[in-house]
Each structure stands twice: as structure tokens, then as C-alpha cells.
Amino acid sequence: MVRVGILTSGGDCQALNATMRGLAKTLYQQKKDIEIIGFLDGYKGLMYENYRIMKPEDFEDILNLGGTILGTSRCPFKKMCVIENGFDKVAAMKKTYQKLKLDCLAILGGNGSLKTANLLSQEGLNVIGLPKTIDNDTWGTDYTFGFQSAIDIATRYLDEIQTTAASHSRVFVVEIMGHKVGHICLSAGIAAGADIILLPEIPYDIEVVAGEIEKKVKAGKKHIVIACAEGAISKEESLLSKKHYKLKVATREGHSVVYEIANKLSHYIDKEIRVSCAGHAQRGGQPCAYDREISTLFGIEGAKLIMNKDFGKLVVFVNHRLDAIPLEETAGKLKYVDVQGDTVKNAKLMGISFGDEMTLSK
């Protein structure tokens, strides 16, 4: 009997179920004696022995189902090795793994979750990783499942803002998810025809942003849409230490950066300004067709790693093909928007501003 554990950790996304389905159906098809154990609510389920023995029918009719049938939770990596009230999280997870006599643990998660996966691998557990995050910021893979679905939702949201902005000749500053990286905001901003895109990787100058708005208005554009990643940062803020920047963010008291940007712009432009946040809808709903397909293939590739006993690996998608890399190569690294890459450069050529410098015009 081969016993495989599965858990989903961190923020949810649309294709978690599709990935688990691809992995499980492949294992059931290729292995006669296979038992899959699903841990509930992420690493917490592994810590506290909260699990369910899965059946083949549990993985039917979930291909187009968003969220995760196992539930998830956030367990920050920096707290994993901290013993709280006498409870050793890592020791507890190892104990559960050994008690259930698992042959492998499949972890579907983003950057923090994969750091913990690598930790467990280094502790001697047989682990494989599958890259889940709408942010597409996992180092070592060109794509993470959930990303395209999030782009589609963010694009539709920006599309709908465009019509109301046009009706009232307003400036809209719209928050798109992306705390540390701006992949969603960049892709959705271009797809929706945003006038200005503000990213964490490109510190903005509020005077440049205001100048771009004025230039577009003088050219005859009556409404402006700014796609703003939630981690957008000004040039002044980019010079702060990490500690002081966190203190600065804390002064927002949980409010989005778009309110701060809108307030700053009001001192420079004589135009009605509104803010809007796409929010957690970007994580919800059904996965798009591409995510259903690619996540199924991710799951199959994960099952192949398990069958080949090729542990300590992360399934990745590089140069349009699936592969696997050691977990230790990706742990603790982020894949940022390439500010010198073709996407940003070409967007600037067509007049999209990133708030760092004035765009060229005749």
C-alpha cells in the first residue's frame, strides 16, 4: 500500500481542486494499492492530525470548482520553527507523517508554503511541491496555476470600471492584487487598456502620474483608469528601510494604497477621482479553461514524481514544458516583474505610463 498525503496551504486560488484531481486520478489509475490522505486546512491539519481518508469519488466533478475541497490556512514560515506554548510545529508535522506511515506528502502552495515544504524535505520527509499562487511569483517556474484565472477576473473588473469612468469623465484608481510583485496588475492593466499601471517593482513619482493624466486629458481623453497593485510604492517610500516602510504602511490602518494615491493626486489635478478595489474576487470563482488544463498537467507531473520516488522536487513549467527542480532552489525566492523586459518596454512604447517617467509623445 502506497500512502500519499495532500494539503493545500496559503491563499486559495481557482485551480487547486483541478490540480489535486490530476494528481489523484493519475495515482489511482497507475497504482493498484494507493491510499490518499487529505489534510484539512493546510499545515494545521498536518500539525493537529486533522485529516480524512480520500476516495476516488472525492476527486470527481471538481475540475471546474474553485477554492479547495480540503480547506486552507496561512502558516507563516517565520513562525514554523517557533515553539509556542510548548508546541513544536515541525515536530508535530513529522510525527503525523510518521504515524500515518506516509510514503510522500504533496504540498500545493506558494512561496511561504514551499519554504516549509523544503524544510520538511530537509527534515527527512518525502515531499513534492506544486506551485500555487495567483501572483505568479514563484521562482523557477514561468507559470503558477491560478494566475490566468486571476488575470481574467481583474481584467473584467477593470473593463467595467472603464465604462462608468467614461460616463462621468472620472479618474479611477483601481487596486489589483499583488503585494510584493505586480504580475497580475501588469497583465490585467495591459489587457484592459489601463492608462497608467503602478507596480511594486517600479517606484512611482506622484508628479509624473499627475502629469501623465493632464497630458492625456489635453489630448482629448475624458476619463483615466489607473491599475494599481496593492503593493505599489512611491519613489520616496522606496528609499526607506524595510522597518520604516512597514511603519509607513501601518499608518494606512488597513486601507488600500489607492486611497493614498487618490488623495495625493487631488492636490495636482482638477478632476473627479474615485477609488475601487477588485479584492478577493480575484481568488474566487471557477478556474478558466487554461488553468483547468495546465493544473491537470501539473497534477499528473506531480504523480509521476511520486511514482518514480523523485522527492524533494517542485513541479515547474519552463519554456512551454513541464519539468521539476529541487525545492531548495526555489525556497525563499520571488520572481519579480522584469522591469527591463519586453512587456514593460513595449507597454511604454504604446503610451502606457508606469509613473516613473513621462512617456514620449509627438
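Residues numbered from 1 in each chain as written. Predicted model: local features only at pLDDT ≥ 70, side-chain atom pairs only at ≥ 80, totals over all residues. Heavy atoms only, no water.

### Things to note about the packing of aromatic side chains
For the structure shown, the criterion picks out 6 aromatic pairs. Feature note: the residues Tyr143, Phe147 and Tyr290 constitute an aromatic cluster, connected by ring pairs. The ring of tryptophan 139 carries lysine 333 above its face, with NZ or CZ at 4.2 Å from the centroid. (Phe/Tyr/Trp six-rings, centres within 6.5 Å; stacked < 30°, edge-to-face > 60°. Lys NZ or Arg CZ within 6 Å of the ring centre and 35° of its normal.)

### Some thoughts on unusual backbone geometry
Even without being glycine, lysine 101 reaches a positive phi, approximately 55 degrees. Note on placement: lysine 101 falls in the loop between helix H3 (89–99) and strand S4 (104–109). One non-glycine residue, histidine 320, adopts positive backbone phi at about 65 degrees. Structurally, histidine 320 is set in the loop between strand S10 (313–318) and strand S11 (321–326). (Helix = DSSP H or I, 4+ residues; strand = E, 2+ residues; numbered from the N terminus.)

### Quick look at the state of the cysteines
In total, this model carries 0 disulfides according to the counting rule given. Cysteine 13 forms no disulfide, and the closest cysteine sulfur to it belongs to cysteine 288, at a distance of 11 Å. For cysteine 13, a relative accessible area of 0% gives the class buried. Accessibility expressed as a relative area gives 15% for cysteine 288, which makes it buried. (Disulfide = S-S within 2.5 Å. Buried < 20%, exposed > 50% of the residue type's maximum accessible area, 1.4 Å probe, protein only.)

### So, a positive patch on the surface
A surface patch of positive charge is lined by Lys78, Lys79, Lys180, Lys242 and Lys246. Within the element layout of this structure, lysine 242 appears in helix H9 (residues 242–250). By relative accessible area, lysine 242 is classed as exposed at 65%. (Patch = residues over 30% accessible without salt bridge, like charges linked within 9 Å, V, L, I, M, F, W, Y side chains within 5 Å. Areas by Shrake-Rupley, 256 points an atom, 1.4 Å probe, with all protein chains shown as cover. Salt bridge = Lys/Arg side-chain N within 4 Å of Asp/Glu carboxyl O. Lys, Arg positive; Asp, Glu negative; His and termini not counted. Charge placed at Lys NZ, Arg CZ, Asp CG, Glu CD.)

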